[in-house]
Amino acid sequence: QVQLVESGGGLVQAGGSLRLSCAASGSIFRLNDMGWYRQAPGKQRELVASMSTGGSSNYADSVKGRFTISIDNAKNTVYLQMDTLKPEDTAVYYCYEQGITTSYSRFQSWGQGTQVTVSS
């Protein structure tokens with residue numbers, strides 16, 4: 001079983017920055033893909049950014065140029081650096097990680113969610 005623990009959310013003024021972290025622990029053989037989704041009140045969950053351990057990344061158009069996803073493979077941790085935050089970035093952010101366990105089975109795990117609130 002693989003567990004994810006998120007940290008780094010909070011309240012920030014528009015134009016500010018936050019960095020989210022998501023650390024995985026458990027029986028991990030290999031990570032393949034990691035990323036972040038967000039869900040604002042009354043809206044569907046949307047993909048914010050994703051990255052494979054091979055290095056390719058993908059961003060939602062709304063965050064391109066402002067958010068940066070990165071991975072520390074040694075720590076099984078994915079980060080989301082969020083700069084020039086806007087009030088419309090306010091949401092609960094969820095990380096996910098996909099990979100292979102030490103039992104050679106596939107897994108996909110989710111973090112508990114962390115609130116990001118951007119004030120105008």
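In what follows, the structure referred to is the one given above.
So, here's what we can say about the structure. Keep in mind that what you see is a predicted model, and the values were worked out from it rather than measured.

The next subject is the pairing of strand β8 (residues 77-82). Most of β8 sits out of view: five of its six residues are buried. As defined by bridge partners, strand β3 (residues 18-26) adjoins β8 across six bridges and the pair is classed as antiparallel. Along β8, the bridge assignment pairs R19 with Q81. The pairing of strand β7 (residues 67-72) with β8 spans six bridges and is antiparallel. Bridging across to β8, I69 finds its partner in L80. Joining the antiparallel neighbours β7 and β8 is a turn of four residues, in which N76 adopts a positive phi near 50°.

Here the focus is the packing of aromatic side chains. Under the criterion given, the structure shown has four aromatic pairs. Their ring planes at 45° and their centres at 5.6 Å tell us that Y96 and W110 sit as a pair that is tilted. Note that Y96 is positioned in strand β9 (residues 91-101) and W110 in strand β10 (residues 106-110), a separation of 14 residues in sequence. Judged by relative accessible area, which is 5%, Y96 ranks as buried. When its relative accessible area of 34% is taken as the criterion, W110 is described as partly exposed. For the cation-ring pair, R45 lies above Y94, with the distance from its terminal atom to the ring centre recorded as 3.9 Å. Its guanidinium or amino end placed over the ring of W110, R45 lies 5.2 Å from that ring's centre, counting from NZ or CZ.

Before going further, it helps to examine the nonpolar core. Formed by 31 residues in total, the largest nonpolar core has its most connected members in W36, V48, F67, I69, L80, M82 and Y93. Contributions of two or more residues to this core are made by β1 (2-7), β3, β4 (28-39), β5 (46-52), β7, β8, β9 and β11 (114-119).

Quick notes on the rules
- Residues numbered from 1 in each chain as written.
- Predicted model: local features only at pLDDT ≥ 70, side-chain atom pairs only at ≥ 80, totals over all residues.
- Heavy atoms only, no water.
- Buried < 20%, exposed > 50% of the residue type's maximum accessible area, 1.4 Å probe, protein only.
- Helix = DSSP H or I, 4+ residues; strand = E, 2+ residues; numbered from the N terminus.
- Pairing = 2+ DSSP bridges.
- Phe/Tyr/Trp six-rings, centres within 6.5 Å; stacked < 30°, edge-to-face > 60°.
- Lys NZ or Arg CZ within 6 Å of the ring centre and 35° of its normal.
- Core = buried A, V, L, I, M, F, W, Y, C linked by side-chain atoms within 4.5 Å.

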